[in-house]
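Residue strings, one per chain:
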Amino acid sequence: MTEPNPQTGANQWGPGHAPAAPAQPPAFPAQPQGTPAYGYPAQPPSAPGYGYPAPVEQQGYGFPHQQAAPGAPGAPAPMGGAPLLTLGDITVLDGQIITPAGQLPLRGAVWNATDMSHTEEKIPTHAVVLAIVFFLFCLLGLLFLLMKEKKTTGFIQVTVTSAGRHHSTMIPAHGPDSFPAVMAQINYARSLSSM
């Protein structure tokens with residue numbers, strides 16, 4: 001521990017001695033233009049760096065806009081008036097059917113609906129508790145067991161086929177009257193398709 005500090009080159013150190021100026025760190029050799037420094041990718045001098053500020057494209061938000069061919073999937077649909085009918089993600093306009101997969105002709109379209117919902121009926125828990133409590137006081141408590149609760153779960157599948165293309169959608173069933181309501185809309189769509 002009595003060796004002199006190799007940084008300062010002086011043999012004197014400790015209390016009573018003024019600190020010597022620190023030695024300069026070794027200089028790094030200058031790098032030629034266009035070679036990357038440690039950890040940075042090589043870029044030509046005219047290329048913008050990472051992050052901001054970056055040139056702003058005036059095309060809008062998201063990915064660069066590309067024009068798709070009309071009628072291709074993902075192409076914007078030319079709207080032809082007000083919608084006549086909407087079933088899930090299927091929209092019927094005057095003369096055409098708009099789906100996420102593209103446009104289908106309305107004339108000659110085949111519509112189908114499948115009821116995949118079920119309604120279950122059960123006695124609610126509070127009715128059983130009331131029946132037990134009031135059975136002890138009088139026999140009228142058994143009337144609480146006549147209380148029923150209906151719960152509908154599932155979906156109604158609607159399919160449309162036209163011009164060799166097919167699309168289906170699922171509509172949630174909220175009650176036992178959901179399927180007849182969807183069938184009324186399907187019958188209206190069938191009447192539009194036969195015109």
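Everything below is about the structure shown above.
Residues numbered from 1 in each chain as written. Predicted model: local features only at pLDDT ≥ 70, side-chain atom pairs only at ≥ 80, totals over all residues. Heavy atoms only, no water.

Chemist: I keep staring at the overall build of the protein chain and nothing clicks. Help me out?
Modeler: Regarding its fold elements, the protein chain presents two helices and seven strands. In the protein chain, the order of α-helices and β-strands from amino to carboxyl end is β-β-β-β-β-α-β-β-α. Here the protein chain holds 195 residues, and the buried ones make up 19% of them. Counted over contacts in the protein chain with a minimum sequence separation of 6, partners at least 24 positions apart contribute 52%. (Helix = DSSP H or I, 4+ residues; strand = E, 2+ residues; numbered from the N terminus. Buried < 20%, exposed > 50% of the residue type's maximum accessible area, 1.4 Å probe, protein only. Contact = heavy atoms within 4.5 Å.)

Chemist: I keep staring at the sheet that holds strand β6 (residues 149-162) and nothing clicks. Help me out?
Modeler: Sheet strands line up and pair through hydrogen bonds in the backbone, either parallel or antiparallel. One open sheet accounts for three strands, arranged β5-β6-β7; its pairing is antiparallel. Unpaired on one side and paired on the other, β5 (110-122) and β7 (165-172) mark the two borders of the sheet. On average, adjacent strands in this sheet sit at an angle of 10 degrees to one another, irrespective of strand direction. As paired elements, β5 and β6 share 13 bridges and run antiparallel to each other. (Pairing = 2+ DSSP bridges. Axes fitted to C-alpha atoms, helices over the stretch in contact; angles between N-to-C directions.)

Chemist: Even after reading the chapter, I still don't get the environment of T153, so can you show me in this structure?
Modeler: The residue T153 is located in strand β6 in this model. Separated by 37 residues in sequence, T153 and M116 have C-alpha atoms that sit 8.8 Å apart.

Chemist: Explanation requested: helix α2 (residues 178-193) in the structure shown.
Modeler: Think of an α-helix as 3.6 residues a turn; residues three or four steps apart then line up on the same face. A rise of 1.5 Å per residue sets the reference length of α2, with its 16 residues, at 22 Å; its end C-alpha atoms lie 23 Å apart and thus fit the reference within 8%. Turning to α2, its buried residues number three or more, namely S178, V182, I186, A189, L192 and S193. End-on view of α2: buried residues confined to an arc of 115 degrees, all on one side of the axis. Next to the buried residues of α2 lie β1 (85-87), β2 (90-93), β5, β6 and β7. (Expected span 1.5 Å × (residues − 1). Arc of directions from axis to C-beta.)

Chemist: Explain unusual backbone geometry to me, please; I cannot follow it from the model alone.
Modeler: The phi torsion of most residues other than glycine is negative, and most of the peptide bonds are trans. One non-glycine residue, A163, lies in the positive phi region at around 55 degrees. A relative accessible area of 61% means that A163 is categorised as exposed.

Chemist: Is there a simple way to explain the sheet that holds strand β4 (residues 102-105) in this structure?
Modeler: Taken in spatial order, the four strands of this open sheet run β1-β2-β3-β4, and their pairing is antiparallel. Of all strands in the sheet, those bounded by a partner on one side alone are β1 and β4. Each neighbouring strand pair of the sheet contributes to a mean axis angle of 20 degrees, computed without reference to strand direction. Both β2 and strand β3 (residues 96-99) contribute to a ladder of three bridges, which runs antiparallel. Within β3, the position partnered with L93 by the bridge is Q96. Each of β1 and β2 is contacted by α2, which is oriented at about 130 degrees to β1, the strand it contacts most.

Chemist: Looking at this structure, how should I read the side chain of S178?
Modeler: The topology assignment puts S178 in helix α2. Its relative accessible area of 13% is what places S178 among the buried residues. Side-chain polar atoms of S178 contact the backbone nitrogen of H174, separated by 3.0 Å. Dropping the residues within four chain positions of it, S178 is found in contact with I156 and A173. (Polar contact = N/O pair within 3.5 Å; in protein donor to acceptor, adjacent residues only side chain to side chain.)

Chemist: Before we go on, may I ask you to explain the environment of A127 in this structure?
Modeler: Along the polypeptide, A127 turns up in helix α1 (residues 125-137). For the pair A127 and L145, spaced 18 residues apart in sequence, the C-alpha separation works out to 6.1 Å. Those residues within four positions of A127 in sequence are excluded, and the remaining contacts are F144 and M147.

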